[in-house]
Protein chains: 4
Amino acid sequence: MKEDKEKEQRILDTAAELFSRQPFHKVLLSDVARVAAVGKGTLYLYFKSKDDLYFAVLLREFSSLVASMQRFLDENDLTPDEELAGVVGILARHVYARSFNIELIGYVVTCPVTEEWQRLRASLWDLFEGIIQRGIDQGLFRDESPALTARYISGLVRAVCLFTPAGADLDELCRHAATFVLRGLGVQR
Amino acid sequence: MKEDKEKEQRILDTAAELFSRQPFHKVLLSDVARVAAVGKGTLYLYFKSKDDLYFAVLLREFSSLVASMQRFLDENDLTPDEELAGVVGILARHVYARSFNIELIGYVVTCPVTEEWQRLRASLWDLFEGIIQRGIDQGLFRDESPALTARYISGLVRAVCLFTPAGADLDELCRHAATFVLRGLGVQR
Amino acid sequence: MKEDKEKEQRILDTAAELFSRQPFHKVLLSDVARVAAVGKGTLYLYFKSKDDLYFAVLLREFSSLVASMQRFLDENDLTPDEELAGVVGILARHVYARSFNIELIGYVVTCPVTEEWQRLRASLWDLFEGIIQRGIDQGLFRDESPALTARYISGLVRAVCLFTPAGADLDELCRHAATFVLRGLGVQR
Amino acid sequence: MKEDKEKEQRILDTAAELFSRQPFHKVLLSDVARVAAVGKGTLYLYFKSKDDLYFAVLLREFSSLVASMQRFLDENDLTPDEELAGVVGILARHVYARSFNIELIGYVVTCPVTEEWQRLRASLWDLFEGIIQRGIDQGLFRDESPALTARYISGLVRAVCLFTPAGADLDELCRHAATFVLRGLGVQR
DNA sequence: GATGAATGAGCCTTCATTCAT
DNA sequence: GATGAATGAAGGCTCATTCAT
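Residues numbered from 1 in each chain as written. Chains lettered and ligands numbered in written order. Predicted model: local features only at pLDDT ≥ 70, side-chain atom pairs only at ≥ 80, totals over all residues. Heavy atoms only, no water.

Attention shifts here to helix α8 (residues 146-162) of chain D. An ideal rise of 1.5 Å per residue puts 24 Å on 17 residues; α8 of chain D measures up with 25 Å between its terminal C-alpha atoms. In terms of burial, α8 of chain D is a largely internal element, 16 of the 17 residues being buried. (Helix = DSSP H or I, 4+ residues; strand = E, 2+ residues; numbered from the N terminus. Expected span 1.5 Å × (residues − 1). Buried < 20%, exposed > 50% of the residue type's maximum accessible area, 1.4 Å probe, protein only.)

On to the protein's contact with DNA strand E. By nearness alone, 33 residues border DNA strand E, and Tyr-44 and Lys-50 of chain A, Thr-42 of chain B, Thr-42 of chain C together with Tyr-44 of chain D come closest of all. Near-protein atoms of DNA strand E (within 4 Å) split between backbone and bases, with sugar and phosphate holding 69%. Here Lys-50 of chain A contributes a side-chain N or O atom positioned 2.7 Å from a phosphate oxygen of DNA strand E. A distance of 2.9 Å separates a base nitrogen of DNA strand E from a polar backbone atom of Gly-41 of chain B. Taken together, the elements giving at least two residues each to the surface near DNA strand E come down to α3 (40-46) of chain A, α3 (40-46) of chain B, α3 (40-46) of chain C together with α3 (40-46) of chain D. Along the lines of polarity and charge, the residues of the surface near DNA strand E split into 16 nonpolar, eight polar and nine charged. (Near = heavy atom within 4 Å. Polar contact = N/O pair within 3.5 Å; in protein donor to acceptor, adjacent residues only side chain to side chain. Nonpolar A, V, L, I, M, F, W, Y, C, P; charged D, E, K, R; others polar.)

Attention now goes to the UniProt feature "DNA-binding region" (unreviewed entry) in chain A. UniProt records the feature "DNA-binding region" (unreviewed entry) for residues 28-47 of chain A in the present numbering. Structurally, residues 28-47 of chain A is divided into 75% helix and 0% strand, and its ends, taken at the C-alpha atoms, are 15 Å apart. (UniProt positions renumbered as here; feature names shortened; annotations may be inferred.)

Overlaying chain B on chain A yields an RMSD of 0.2 Å, the required transformation being a rotation through 180° with an accompanying axial translation of 0.1 Å. What the superposition gives is, in effect, a two-fold axis relating one chain to the other. The position closest to the rotation axis in chain B is occupied by the C-alpha of Gly-184 of chain B, lying 1.8 Å away. Of all interface residues in chain B, 98% are interface residues in chain A too; the two copies therefore contact each other through one and the same surface. (Least-squares fit on C-alpha atoms with pLDDT ≥ 70 in both. Contact = heavy atoms within 4.5 Å.)

Contact with chain B, which involves 44 residues of that partner, is made by 43 residues of chain A. Buried surface at the junction of chain B and chain A, summed over both partners, amounts to about 4100 Å²; 64% is from carbon and sulfur atoms. Our count for the chain B to chain A interface comes out at two salt bridges. Glu-144 of chain A is the salt-bridge partner of Arg-183 of chain B, the closest N and O atoms lying 3.4 Å from each other. The tally of links between chain B and chain A comes to 14 residue pairs in polar contact (both at pLDDT 80 or more). Of all the secondary structure elements, the ones that give two or more residues to the side of chain B that touches chain A are α1 (5-21), α6 (103-109), α7 (115-137), α8 (146-162) and α9 (170-184) of chain B. Classifying every residue of the side of chain B that touches chain A by side-chain character gives 20 nonpolar, 13 polar and eleven charged. (Buried area = accessible area lost by both parts, 1.4 Å probe. Salt bridge = Lys/Arg side-chain N within 4 Å of Asp/Glu carboxyl O.)

In this structure the tally under the stated criterion is 26 aromatic pairs over all chains. Ring centres 5.3 Å apart and planes at 75° place the aromatic pair Phe-24 of chain B and Tyr-54 of chain B in the edge-to-face group. You can see Phe-24 of chain B sitting in the loop between α1 and α2 (29-36) and its partner Tyr-54 of chain B sitting in helix α4 (residues 50-75), a full 30 residues away along the chain. Both residues of the pair, Phe-24 of chain B and Tyr-54 of chain B, belong to the buried class. Judged by centre distance (5.7 Å) and plane angle (10°), the ring pair of Phe-19 of chain C and Phe-24 of chain C falls under stacked. Grouping residues by exposure puts Phe-19 of chain C and Phe-24 of chain C together as buried. One aromatic cluster is present, formed by Phe-19, Phe-24, Tyr-54 and Phe-55 of chain A through successive ring pairs. The ring of Phe-24 of chain C has Lys-50 of chain C lying over it, and the distance from NZ or CZ to the ring centre is 4.4 Å. (Phe/Tyr/Trp six-rings, centres within 6.5 Å; stacked < 30°, edge-to-face > 60°. Lys NZ or Arg CZ within 6 Å of the ring centre and 35° of its normal.)

This part covers helix α5 (residues 80-97) of chain B. Residue and element names in this part refer to chain B. Its 18 residues place the ends of α5 25 Å apart at the C-alpha level, agreeing with the 26 Å of an ideal helix rising 1.5 Å per residue. Every buried residue belonging to α5 is among Pro-80, Asp-81, Glu-83, Leu-84, Gly-86, Val-87, Val-88, Gly-89, Leu-91, Ala-92, His-94 and Val-95, and all of these are buried. Among the structural elements, α4, α7, α8 and α9 are those in contact with the buried residues of α5.

Moving on, we come to the pattern of salt bridges. When their charged atoms lie close together, side chains carrying opposite charge are able to pair. This structure, assessed with the given rule, holds 36 salt bridges over all chains. Between Glu-8 of chain C and Lys-5 of chain C there is a salt bridge, with its nearest N and O atoms 3.4 Å apart. Of this pair, Glu-8 of chain C and Lys-5 of chain C both sit in helix α1 (residues 5-21), three residues apart, roughly one helical turn. A network of salt bridges, in which partner residues are shared, links Asp-13, Arg-60 and Glu-61 of chain A.

Taken together, the contact between chain C and chain D spans 44 residues of the former and 44 residues of the latter. The tally of links from chain C across to chain D stands at two salt bridges. At the level of elements, α1, α6 (100-109), α7 (115-137), α8 (146-162) and α9 (170-184) of chain C are the ones that each hand at least two residues to the side of chain C that touches chain D. Looking at the side of chain C that touches chain D element by element, the count peaks at ten residues for α8 of chain C. Classifying every residue of the side of chain C that touches chain D gives 19 nonpolar, 13 polar and twelve charged.

Structural data, given as structure tokens:
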């Protein structure tokens, strides 16, 4: 019933694409099926409902983001300020490439939050909070409430990417955002 | 078709409430009518369609926010850092009180942006940008790109309000956000 | 929402007709709507679901049958054997005219029996049982178990009407059925 | 396509069970396959369609019933009244044990009657009619229309078995039904 | 102007049937 | 022969919109 992982991924890719371009109710499952080149009924072999598909997209995108940020931290031995600049850049590029992704969260906020989603979201915050805390411990950062700040950052990046002025350069955007965040944490730059 | 301003406001209030708590497609016009205590057909005397009602809510909420921020600036003779702290507080309280822009803005992002909405959104950014620019001119702030920063701020505030840890104090939250933003702009605090 | 009793009856009439000619799953609500000359959505103003419509048909038909039998008993002052012959005739004509009616019961048997339906069905049995008991009391009938016999009779009539040999005369059929039942109760004829 | 008789029987057994407990449209072929422990595709090696399976069940059940009744008559040398009491008992026990013909026959009534089904049904009636006729010929029974009476009996038995009052004893039930039928045929008991 | 019963286009979902393995 | 993933036609149901009152 769900052997074909490749097909499942194709459905998720398609759904991610479509959900990022239109609000939930404008995305038709017949479109998803057509674009993914599967039968409409096939969707239901892999996902219980339209909502289920939606959340699956959300979870996959978000967890791949968090994973890539975590990998970045693991594979590089950096100072907290370098780490923060790095993950802000990753986040920005991710949001920029697939502007929906973080946007999808808007929907989810009003829904009964699933445990899995809550856990995932917390893991992003924990990641930020951990960096900030290390920076504070090393005397690099100043922050009265790392938990709050961790929550700022994704919102901040999201906003700038969504509403980026036309013609902006992505690299510059990442640099600017990182600088702002680091200054916000008391780093002199 | 538009005599009864009081009724129109009641409809908008109701719609604002409902649209802020659920995704667009889960808000039924029959619910709006029932809660607003008007007939379903009456909605169409005041608004052309569901989309039209939605945008009317969005515009009203957003413009009242911008107006109250502008009023704050006009009625007080403050330094740029005081101004920024003030409007951040206003924004935070607004988002916190009516989490309207959760879904509201979420939906609108994927929609064909109307000119009016674009103008309104720009006015918020301009407001922030103006303060930042004045701060820079007065040597209070440092910022390489006030236009980008203006876009950060609302996203930042939105995020912290949406995902505020349980038990957080709103005043402290506002103070923290303001401090972060001001530090981000190079203010020593 | 359900002012128009006339429209509701038209829907019920149509549904009764269609449900009597085809099994449940072959009856399309779009057909019901078309034949009843109402919109498809209108059906849902009067009935919660297809099942609900089905049961409404069943209940209406059955209760009208029981009511007409009861009226026959009330309006005539007859001996038990005359009463029994009369109600058997009424039942036979009813089944014959709308062969579905009793047939519908087949479906209902396998369903979670609603209280209302149970009550209605019991009222038919009670009606038969009452007549039989009066007959016994007056020394006209012999029966060791009027409750069981009451359950026979509708099944008996149903069967003969459904499977009546081609060319049979309805009056003769009623007479024959009544005779059989009365003899079954020990009446010499 | 039809080698494995054992598997075919398992499918028929399962289908008989399920079709007798739920209306046609609620019985899913995937359920039949699962319960029968065969693949869904396998069903189509033995039966052309869902309808085909349905009628196969109906025919098998019904013909086994008729066969067992016929065997009873052949293997015992009885008087018509004994024969009738016997076959009524067989019928009652059959219906009682597998309420198959609740839904089964219910559905079939509204369907285009196949020739095979018609023939089978007629064989049951003929069996009853034959007994009745012999009883009349021997002066045991009185009946103006054995053909009609033959049609009563199965309906009568069916009804009592379906709607049997809770706690009833099957043996007593059979005795009572037989007595009623025999009295209906003018036998003094 | 106000209403809400009526409408029907359109979507999600189901499930009998097929066919590649 | 056996399987069950894949299919897509079809139907139940919803809900924005209309319009007669």
